[in-house]
Amino acid sequence: MNERAYEQALTYLGKRNHSRAELAQKLERKGFDTSEIREVLARLCAARLVDDDALAQRLYERYVEEGVYGNSYIAYKLQKKGLEMPSRMSAEEENRRALRLVRMRLLDASGQVKRRKLASFLANRGYGPGVLYAVCEELGESALLDTPSKKIYNK
């Protein structure tokens, strides 16, 4: 095995945790061949220096702890690192978080949420249409939405 490839991988890992896919991509960009990369990754995994499952769990927990993102956004961020989503928030939990986030960030001076901002605000944080609908219903019932929720869905 090429010790240079192994040392390069250790350098990357010294800066932050990386997934197997990230390390493979970076080593490939440095010009190491596929067989060398496979050997390096196997050695790193055997030494428990690379653990995709543990990394995915830590990242998932961090995103959930931030309380800002929905399942879709978290899955996208993990997928970019070559990781699988270890679990998902329940629909109820995702709805509750989205509603809390909207109340914290989108209430205007009159105490209402502008419906035009609501959809893009939630979508940009990985909340799907079902969550948007549930949040609109809750805000409509609480009289916090500037327009009844039915108007959001009319074509």
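The preceding data block contains the structure.
Conventions used here
Residues numbered from 1 in each chain as written. Predicted model: local features only at pLDDT ≥ 70, side-chain atom pairs only at ≥ 80, totals over all residues. Heavy atoms only, no water. Helix = DSSP H or I, 4+ residues; strand = E, 2+ residues; numbered from the N terminus. Buried < 20%, exposed > 50% of the residue type's maximum accessible area, 1.4 Å probe, protein only. Areas by Shrake-Rupley, 256 points an atom, 1.4 Å probe, with all protein chains shown as cover. Arc of directions from axis to C-beta. Contact = heavy atoms within 4.5 Å. Core = buried A, V, L, I, M, F, W, Y, C linked by side-chain atoms within 4.5 Å. Lys, Arg positive; Asp, Glu negative; His and termini not counted. Salt bridge = Lys/Arg side-chain N within 4 Å of Asp/Glu carboxyl O. Polar contact = N/O pair within 3.5 Å; in protein donor to acceptor, adjacent residues only side chain to side chain.

Caption draft 1: Inspection of the overall build of the chain at higher detail. A count of helical and extended segments in the chain gives nine helices and zero strands. Looking at the chain as a whole, 37% of its 155 residues qualify as buried. Accessible surface computed for the chain: about 9,400 Å², of which carbon and sulfur atoms make up 47%.

Caption draft 2: Quick peek at helix H5 (residues 71–80). Among the residues of H5, Asn71, Tyr73, Ile74 and Leu78 are the ones counted as buried. Each buried residue of H5 lies within a common arc of 165° when the element is viewed along its axis, so the set occupies one face. Away from its buried face by more than 90 degrees, H5 exposes Gln79 and Lys80. Against the buried residues of H5 lie helix H4 (52–66) and helix H6 (91–105). Following H5 by one or two positions, Gly82 has its phi on the positive side, about 80°.

Caption draft 3: Geometry of the nonpolar core. Counting 28 residues, the largest nonpolar core has Ile74, Val102, Leu118, Leu122, Val135 and Leu139 as its most contacted members. Mapped by element, the contributors of at least two residues to this core are H4, H5, H6, helix H7 (115–123) and helix H8 (129–141). Look past the residues within four positions of Val102 in its chain and what remains in contact with it is Leu107, Val113, Leu118, Phe121, Leu122, Val135 and Leu139. Counting 13 residues, the second largest nonpolar core, distinct from the first, contains Tyr6, Ala9, Leu27 and Val40.

Caption draft 4: Structural context of the environment of Met85. Summarising the element assignment, Met85 is placed in the loop between H5 and H6. Here the alpha-carbon distance between Met85 and Gln57, two residues 28 residues apart in the chain, equals 7.9 Å. Each residue touching Met85, except ones within four places of it in the same chain, is listed here: Tyr60, Asn71, Ile74, Ala75 and Leu78.

Caption draft 5: The arrangement of unusual backbone geometry in detail. Phi is positive for Arg48, which is not a glycine, with a value near 60°. The residue Arg48 is located in the loop between helix H3 (34–46) and H4 in this model.

Caption draft 6: Quick look at the side chain of Arg125. The topology assignment puts Arg125 in the loop between H7 and H8. Notably, Arg125 is buried but unbridged: the nearest opposite-charge side chain belongs to Glu66, and the N-O separation is 9.4 Å. A distance of 2.8 Å separates a polar side-chain atom of Arg125 from the backbone oxygen of Phe121. Once residues within four sequence positions are removed from consideration, Arg125 is found in contact with Val68, Tyr69, Gly70, Tyr73, Leu101 and Arg105.

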